[in-house]
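# Residue-level structure breakdown
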Amino acid sequence: MLTRIRTGLDWLRAPCALLDARLAKGGLTFRLDLPVMGRSLLTGDPALIAGIVRNKELIGGRGTQALRPVVGDHSLIVLEGARHERHRTLMLPHFFTGDMTAHDVLTRKWVARALEAQPPLSCFSGMKFTADITLNIIIEVLFGALGPARHEHAVGLVRKWLGSFTNPAILFLKPLQINLGERSAWGRFLNNRTALHRFIEDLLAKPDSGGVLGTMMRQRRAGTADVSDAELVSQMVTFLMFGHDTSAAAMGWFFHHILQDPRALADVRGEIDLCRTNASNALADPEQPDLEQPDPEQPDLEQPDLEQHVLLRSAIHESMRLSPVVVHLTRHAVAPTAVGDYQIAAGERVLPCMYLAQRNPAVFDQPDRFIARRFVNPKPEWRHSYFPFGLGNRLCAGMPFALRQMVLIASEMLGNCNFELANAAPAKPVRNMVLIVPSGGPLLRRLA
Ligand code: HEM
């Protein structure tokens, strides 16, 4: 009993330390008694992970039911089966196959504004700095150009809403869900949620709303999208929630790793300069071919038109390998089944664990080292050993969008300014809701 409680607390406080200890003993697949999820099978074994992705008895979507009050009943995150597929078909074109280059203008604009507000020698959290940028971008992508005052209002509403459940206990413990108005945490959460919903509903009532929401409203009027107002609100809050903090946490880890590796940093900077020169030469060349778009059937980690940022992309992937912000996926057995030699009871959770898989010494040479060039030539056989964005039919709905944005944010920041780490001690992996983030942000100092 005591061991169970200790494991649960370790998992909540420092899951990476617990997983490192298992890995050190050669443990790639094992069972753990986990808080909320109960007895679960964790695995980083690529053969077992490939089997889990194919296994129809192991489904996603149930492990996130506690988020229903936050994202609503129609969110991609909580849906299953045919409804899940239908909503992926509606949402993915905007973040997988749409004109990704259109978002670049927004990324550059918001990075430039954030840098302007950060004078030389100032210190700031790399994660918070990026989260401000990515929140501004996702609001503008979802709702279009709202004008400065309404945009700021939207930022405030999202921050208040997200801030009302920073302690996840409120989502998991039903007794805490009592509405005593502003005096209670649950009451404040409900009020903040209502305010955000009203904001989106106001946009739904306007004929000329922009962004993804406006496009979907136009598709609905034209009869090409079958989606209700409630469904639209649910997807908008889902993308607000998952569409900015994840990338910011991953960028926090990227700064943590690259700023400790002067050689990799110099190489990446050299490449950014070269890409800029090539881009301005290409602009002057009217014969440039159109850029390819990512193929939805073949989600690819490569971004065709960002191909020249080979080292930067590799360093970002390597950072996500070493420090995945989501440490495991959650699959729920809807019937008794097997994962390799492990028998799984109906209702049991199976967790394909990227932290274990991505540090597997049988797959990655020197798995605990940041080797910035490792992903210059990624190996096809890494497919089930490197999956920071998930796998299968629940693969992250924003993967190409996030990757593109991260490359651009990094190239704008590192190409225009110098930074150093200002933390007194190296950042450690700490839990922030479901994300594992670098403690302290990490703290960056802008040098010039
Ligand atoms: C570095 C940034 C990101 C990382 C590491 C990440 C990671 C993940 C992971 C691991 C999953 C679960 C996949 C599974 O269960 O198999 C997921 C799902 C999801 N992500 Fe991301 N994500 C990132 C950025 C984004 C962005 C920018 C958006 C939106 C624009 C987004 C939207 C979603 C949605 C809606 C889902 C649910 C998909 C479904 O259940 O069908 N994510 N993400």
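Please refer to the structure higher up on the page.
Now for a description of the structure that goes with this document.

What counts and what doesn't
Residues numbered from 1 in each chain as written. Predicted model: local features only at pLDDT ≥ 70, side-chain atom pairs only at ≥ 80, totals over all residues. Heavy atoms only, no water. Core = buried A, V, L, I, M, F, W, Y, C linked by side-chain atoms within 4.5 Å. Buried < 20%, exposed > 50% of the residue type's maximum accessible area, 1.4 Å probe, protein only. Helix = DSSP H or I, 4+ residues; strand = E, 2+ residues; numbered from the N terminus. Contact = heavy atoms within 4.5 Å. Pairing = 2+ DSSP bridges. Phe/Tyr/Trp six-rings, centres within 6.5 Å; stacked < 30°, edge-to-face > 60°. Salt bridge = Lys/Arg side-chain N within 4 Å of Asp/Glu carboxyl O.

### Brief notes about the nonpolar core
Residues Phe143, Trp161 and Phe254 are the most contacted members of the largest nonpolar core, which totals 103 residues. With 11 residues, helix α7 (residues 126-143) is the single largest residue contributor to this core. Those residues within four positions of Trp161 in sequence are excluded, and the remaining contacts are Val70, Phe189, Asn192, Arg193, Leu196, Val237, Leu240 and Met241. Judged by nonpolar contacts, the second largest core, of 17 residues, contains Phe30, Met37, Val327 and Cys353.

### Some thoughts on the pairing of strand β2 (residues 38-43)
Sheet topology note: the strand β1 (residues 29-34)/β2 ladder contains 6 bridges and is antiparallel. When the bridges of β2 are listed, Arg31 appears paired with Leu41. In textbook terms, the turn of a hairpin is the stretch between consecutive antiparallel strands, and for β1 and β2 this stretch comprises 3 residues, one of which, Val36, has a positive phi near 70°.

### Section: the packing of aromatic side chains
A complete count under the given rule lists 12 aromatic pairs for this structure. Ring plane angle 20° and centroid distance 4.8 Å describe the contact between Phe95 and Phe239, whose orientation is recorded as stacked. One end of the pair, Phe95, is in helix α5 (residues 81-97); the other, Phe239, is in helix α12 (residues 229-242), and 144 residues separate them in sequence. Judged by its relative accessible area of 1%, Phe95 falls in the buried class. For Phe239, a relative accessible area of 8% gives the class buried.

### Considerations on the pattern of salt bridges
Following the criterion strictly, the structure yields 19 salt bridges and no others. With a closest N to O distance of 3.3 Å, Asp267 and Arg373 form a salt bridge. One end of the pair, Asp267, is in helix α14 (residues 262-283); the other, Arg373, is in the loop between α16 (354-357) and α17 (399-416), with 106 residues separating them in the sequence. Take Asp267: its relative accessible area is 26%, and that puts it in the partly exposed class. On the basis of relative accessible area, Arg373 is assigned to the partly exposed category, the value being 49%. When the shortest N-O distance is used, the salt bridge between Arg276 and Glu412 registers 3.7 Å.

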